[in-house]
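# Notes for the structure review
The residues making up each chain are set out below.
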Amino acid sequence: MPLWMIHHTPGIFSDAGKRELAGRITDQYEKAGLPRFYVVTIFNEARPEDFYVGGEPTQVGVRIAIDHIARSSADKADRQRITRWIGRLLTPVVEAHPELHWEFHVDETSEDLWMINGLVPPPGGSDAEKAWAQANSVSVY
């Protein structure tokens, strides 16, 4: 499951912009073979008085914490590829706010520590996972 926690100051994302970015994020993971419902994107707006960088309030900022559980990167080249596509996904936001302070990181968590609706997800790339992706829902396998 990719979980994107997007912390941002006011005015960075409209409701339509949130929906568009969440859709683009989900599309990328679907292209990689994940069921769409694995992808969770949460936007947390924080006032500048609550968003500090270097000990100072930040007027225009975005900080994204991404958890990858369903898949892990194989090596440094794979991690660099992931970093580049995340950067490309964020380019429209960055370009719309030239004064923006922005950053992200990706954590990889063991899939052994993950459940959806009380079920351990099927192995990556398995027929059961493909069935979940096709149905876009959890089912006993």
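Reading the values: rules and limits
Residues numbered from 1 in each chain as written. Predicted model: local features only at pLDDT ≥ 70, side-chain atom pairs only at ≥ 80, totals over all residues. Heavy atoms only, no water. UniProt positions renumbered as here; feature names shortened; annotations may be inferred. Helix = DSSP H or I, 4+ residues; strand = E, 2+ residues; numbered from the N terminus. Axes fitted to C-alpha atoms, helices over the stretch in contact; angles between N-to-C directions. Parallel < 35°, antiparallel > 145°, perpendicular 65-115°, else oblique. Left-handed = near helix turned anticlockwise from the far one by under 90°. Contact = heavy atoms within 4.5 Å. Nonpolar A, V, L, I, M, F, W, Y, C, P; charged D, E, K, R; others polar. Expected span 1.5 Å × (residues − 1). Bend = angle between axes of the 7 residues up to and from the residue. Buried < 20%, exposed > 50% of the residue type's maximum accessible area, 1.4 Å probe, protein only. Pairing = 2+ DSSP bridges.

Under an unreviewed UniProt entry, the name given to the protein chain is 4-oxalocrotonate tautomerase, and the source organism is Mycobacterium asiaticum.

### A closer look at the UniProt feature "domain: Tautomerase cis-CaaD-like" (unreviewed entry) in the protein chain
The sites that UniProt annotates as "domain: Tautomerase cis-CaaD-like" (unreviewed entry) are residues 1-136. Span residues 1-136 is 35% helix and 24% strand, its end C-alpha atoms 13 Å apart.

### Considering the packing of helix α1 (residues 15-31) against helix α2 (residues 76-96)
One way to put it is that α1 packs onto α2 with a least axis distance of 10 Å and a crossing angle of 160 degrees. By the angle between their axes, α1 is roughly antiparallel relative to α2. Between α1 and α2 the crossing geometry is right-handed. Contacts from L21, R24, I25, Q28 and Y29 of α1 reach α2 at W85, R88, L89, L90 and P92. Looking at side-chain class alone, the contact of α1 with α2 contains seven nonpolar, one polar and two charged residues.

### Side note on α2
Its 21 residues give α2 an end-to-end C-alpha distance of 30 Å, which sits within 8% of 30 Å, the value for a rise of 1.5 Å per residue. Along α2, the sharpest kink reaches roughly 50 degrees, centred on L90 and followed within four residues by the proline P92. The complete set of buried residues in α2 reads D78, I82, W85, I86, G87, L89, L90 and V93. Tucked inside the fold, the buried residues of α2 contact β1 (2-8), α1, β5 (61-68) and β6 (101-108).

### Remarks on the sheet that holds β1
The strand order across the open sheet formed by four strands is β2-β1-β5-β6, and the pairing between neighbours is mixed. Every interior strand has two partners, whereas the edge strands, β2 (40-45) and β6, have only one. The sheet shows a mean angle of 10 degrees between the axes of neighbouring strands, taken without regard to direction. As paired strands, β1 and β5 are joined by seven bridges and run antiparallel to one another. The residue of β5 that forms the bridge with I6 is I64.

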